[in-house]
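Architecture at a glance
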Amino acid sequence: MEKILITGGAGFIGSHVVRLFVNKYPNYQIFNLDSLTYAGNLANLTDIEKASNYTFVKGDITDANFLTQLFTEHNFKGVIHLAAESHVDRSILNPLEFVMTNVIGTVNLLNAAKTAWKNDLENPLFYHVSTDEVYGSLHNPEDFFLETTPYDPQSPYSASKASSDHFVRAYHNTYKLRVVISNCSNNYGPNQFPEKLIPLFIHNIQKNKPLPVYGKGENVRDWLYVIDHARAIDMVFHGGKNGETYNIGGFNEWKNLDLVQLLCKIMDKKLGRTEGESEKLITYVTDRAGHDLRYAIDASKIMNELGWKPSLQFEEGLEKTIDWYLNNTAWLDNVTSGDYQKYYETQYAQR
Ligand code: NAD
Ligand code: DAU
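What this report covers is the structure whose coordinates are included nearby. (Residues numbered from 1 in each chain as written. Chains lettered and ligands numbered in written order. Predicted model: local features only at pLDDT ≥ 70, side-chain atom pairs only at ≥ 80, totals over all residues. Heavy atoms only, no water.)

Concerning the overall build of the protein
Short version of the rule: Helix and strand definitions follow DSSP, with helices as H or I runs of at least four residues and strands as E runs of at least two, each counted in order from the N terminus. For the radius of gyration, the atom set is restricted to C-alpha positions; the globular benchmark scales as 2.2 Å times the number of residues to the power 0.38. Burial classes: relative accessible area under 20% of the type maximum marks a residue as buried, over 50% as exposed, and values in between as partly exposed (1.4 Å probe, protein chains only). Contacts are assigned to residue pairs with any non-hydrogen atoms lying within 4.5 Å of each other. Here the accessible surface of atoms and residues is derived via Shrake-Rupley with a 1.4 Å probe, and residues count as covered only by protein chains that are part of the display. Asp and Glu are treated as the negative residues and Lys and Arg as the positive ones, with His and the ends of the chain left uncounted. Charge placement uses NZ in Lys and CZ in Arg. For Asp and Glu, CG and CD serve respectively.
A tally of helices and strands in the protein yields 12 helices and 12 strands. Relative to the compact-globule value of 20 Å for 351 residues, the protein shows a C-alpha radius of gyration of 20 Å, a close match. Put simply, the protein has 351 residues, and 55% of those count as buried. Relative to all contacts within the protein whose residues are 6 or more apart in sequence, the contacts with residues 24 or more apart total 82%. Only carbon and sulfur atoms are counted for the fraction: they give 50% of the accessible area of the protein, which is about 15,100 Å². For the protein, the distance from the average position of its 33 positive side-chain charges to the average position of its 42 negative side-chain charges is 3 Å.

As structure tokens, then:
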């Protein structure tokens, strides 16, 4: 069995990638390495946690010695690196935490891989899952982010992800490590931590709490259903060319206010409210510092070269997402109460 290391697999996107790989590839032993920060939730993976080709490892990528040991013990044939601090607002409050995990953690992983794979640099693959935020903000409505767009990160989060992308490319150029990078737009879907726009607003609408729209709600994001991102990651991992970058996005731009209004409309229907009731919760608040105006991905390369395309229209994906949150109130209650953080101690630690 080939051993594949997925980092950050207890988080939002990582858990969907782990599930896809565990179910689709019985010939892979999937190792999910996660330190279980506030964003890591093992309850995201209860359906596959007992699969024979799945192993959870609690560990921190900022710990270089731990990684060296892990790579010595297991002959990994590939790494899919998702572990990161991922929330822009938190990066504004605490940039150093983002440097530690996103930059130092990534370099630690690169070092562990480089050392372990030194006699076999042709084969194992180091795949870095990154973000479109490294390209900065688009101001001309005609423009899209291409793989060749110069990096211009504007937030501490995007600066840390840009830095980690540069290190991955540097290890490819300098040490000939086999690498691929993908840069994806905003994801939404089940299991997203309710600090991000869509799950936060679903939660607040349910609880009749204010919906804090930053600035005038004019910023534009390009939304992709998380399972379509996981499918793209599978294709890039298996078909991506050494040293290449692939942009991933759904050609699905929404102004924040339009998205929030659509969300309110669907929620009114689902909750049996009269149309317009949830919209009254919209509250305009001080804008995010350095708020990027618009992101929009040109995903032609991955579509043309690897045959990927999104499977869901946005309205359909949004409805599925809302249904998931409404049907999984225990998941949301555990996250908001903090109980989810006890899952490892009660279900794993004594094994
Ligand atoms: P998330 O915050 O939901 O999950 C991150 C996971 O990483 C958590 O399980 C956390 O416990 C783990 N982690 C954090 N620090 C760690 C450390 N030091 N050691 C080990 N594990 C650690 O993030 P997400 O939204 O699922 O994003 C996953 C990746 O995809 C990130 O690299 C992010 O930059 C990238 N990305 C996210 C989006 C998006 O819209 N969410 C879009 C494009 C790219
Ligand atoms: O583009 C990819 C990126 O998308 C990922 O790399 C990040 O990890 C991910 O967090 C996401 O970043 P954003 O900052 O775009 O996502 P967020 O959900 O925080 O915000 C989406 C938009 O909504 C953004 O313009 C800010 C706005 N917003 C957000 C929150 C949380 C609000 O107006 N109010 C809010 O309360």
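Right, picking up where we left off after that structure.
Here we look at the site of ligand 1
For the record, the criterion: Throughout, the term near means that a residue has one or more heavy atoms lying within 4 Å of the molecule or strand in question. Distance and chemistry together define a polar contact, namely a pair of N or O atoms within 3.5 Å, with one atom able to donate a hydrogen and the other to accept it when in protein, and with adjacent residues in sequence counting only for side-chain atoms on both sides. All residues other than Ala, Val, Leu, Ile, Met, Phe, Trp, Tyr, Cys, Pro, Asp, Glu, Lys and Arg, Gly among them, are scored as polar; the first ten of these are nonpolar and the last four charged.
Within the structure, ligand 1 sits among 28 residues, and Ile13, Asp34, Ser86, Tyr157 and Lys161 are positioned closest to it. Within the backbone of Phe12, one N or O atom sits 3.0 Å away from an oxygen atom of ligand 1. Ser86 places a polar side-chain atom, nitrogen or oxygen, 2.7 Å from an oxygen atom of ligand 1. For ligand 1, whose free accessible area comes to 830 Å², the fraction covered by protein is 96%. Residue assignment for the shell around ligand 1 shows that the elements contributing at least two residues are helix H1 (12-24), strand S5 (125-131), helix H5 (156-175) and strand S7 (186-188). For the shell around ligand 1, the leading source of residues is S5, giving three residues. Here the shell around ligand 1 is built from residues that sort into 12 nonpolar, 13 polar and three charged.

Notes on the environment of Gly78
Secondary-structure assignment places Gly78 in strand S4 (residues 76-81). Here the alpha-carbon distance between Gly78 and Asp234, two residues 156 residues apart in the chain, equals 12 Å.

What about the packing of helix H6 (residues 197-206) against helix H8 (residues 256-270)?
The criterion, for reference: Lines fitted to C-alpha atoms define the axes, with helix axes restricted to the stretch in contact, and inter-axis angles between N-to-C directions lie between 0 and 180 degrees. Each angle is binned into one of four classes, with values under 35 degrees roughly parallel, values over 145 roughly antiparallel, values of 65 to 115 roughly perpendicular, and all other values oblique. Crossing handedness follows the turn of the near helix against the far one: under a right angle anticlockwise gives a left-handed crossing, and clockwise gives a right-handed one.
In contact at an axis separation of 11 Å, H6 and H8 are set at 40 degrees when each is read in the N-to-C sense. On the basis of their axis angle, the class for H6 and H8 is oblique. The hand of the H6/H8 crossing is right-handed. Residue-level contacts link Leu197, Ile198, Phe201, Ile202, Ile205 and Gln206 of H6 to Asn256, Leu259, Val260, Leu263, Cys264 and Met267 of H8. Residue composition of the contact of H6 with H8, grouped by class: 10 nonpolar, two polar and no charged.

Quick word on the site of ligand 2
Close to ligand 2 lie 24 residues; Ser86, Thr131, Asp132, Tyr157 and Arg288 are nearest. With respect to ligand 2, the backbone of Ser86 contributes an N or O atom lying 2.7 Å from an oxygen atom. Protein contacts shield 94% of the accessible area of ligand 2, which totals 690 Å² for the unbound molecule. Of all the secondary structure elements, the ones that give two or more residues to the shell around ligand 2 are H6 and strand S8 (211-214). A class-by-class count of the residues in the shell around ligand 2 yields 10 nonpolar, eight polar and six charged.

Brief notes about the sheet that holds S7
Threshold: By definition, two strands form a pair when at least two bridges between them are found by DSSP.
What the three strands build is an open sheet, ordered S7-S9-S11; its pairing is mixed. Lying at the two open borders of the sheet, with one neighbouring strand each, are S7 and strand S11 (253-255). Strand-to-strand twist in this sheet, taken as the mean axis angle between neighbours without regard to direction, amounts to 50 degrees. Relative to S11, strand S9 (residues 220-225) runs antiparallel, the two sharing three bridges. Paired with Asp222 across the bridge in S11 is Glu253. Running at roughly 70 degrees to S9, helix H7 (residues 226-239) makes contact with S7 and S9 of the sheet.

Don't take any of this as a statement about function, it's just geometry.
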